[in-house]
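Listed below, chain by chain, are the residues.
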Amino acid sequence: MNFEREYELLAEKFLNDEISLEEHVEEYNRLVETESCQVDYIGWRPHEHI
């Protein structure tokens, strides 16, 4: 899935009044959640901030 394009399409729909603010927020949050689930966490290690 090309998330960058999905975000652009979502913004276009909102700017063209095709969807409401609430629909935009819900869809945006769904995209963020979907994108975050596809991140590869291999190699991640806990660390301390100095």
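Residues numbered from 1 in each chain as written. Predicted model: local features only at pLDDT ≥ 70, side-chain atom pairs only at ≥ 80, totals over all residues. Heavy atoms only, no water.

### Here we look at unusual backbone geometry
Moving on, step 1. One non-glycine residue, Asp17, lies in positive phi territory at about 55°.
Moving on, step 2. Relative to the elements of secondary structure, Asp17 occurs in the loop between helix 1 (3–15) and helix 2 (21–37). (Helix = DSSP H or I, 4+ residues; strand = E, 2+ residues; numbered from the N terminus.)

### Here we look at the packing of aromatic side chains
Moving on, step 1. Counted under the stated rule, the structure contains one aromatic pair.
Moving on, step 2. On the numbers, 5.4 Å between centres and 55° between planes, the contact of Tyr7 with Tyr28 is tilted. One end of the pair, Tyr7, is in helix 1; the other, Tyr28, is in helix 2, with 21 residues separating them in the sequence.
Moving on, step 3. By relative accessible area, Tyr7 is classed as partly exposed at 21%.
Moving on, step 4. Residue classification places Tyr28 among the partly exposed residues on the basis of a relative accessible area of 38%. (Phe/Tyr/Trp six-rings, centres within 6.5 Å; stacked < 30°, edge-to-face > 60°. Buried < 20%, exposed > 50% of the residue type's maximum accessible area, 1.4 Å probe, protein only.)

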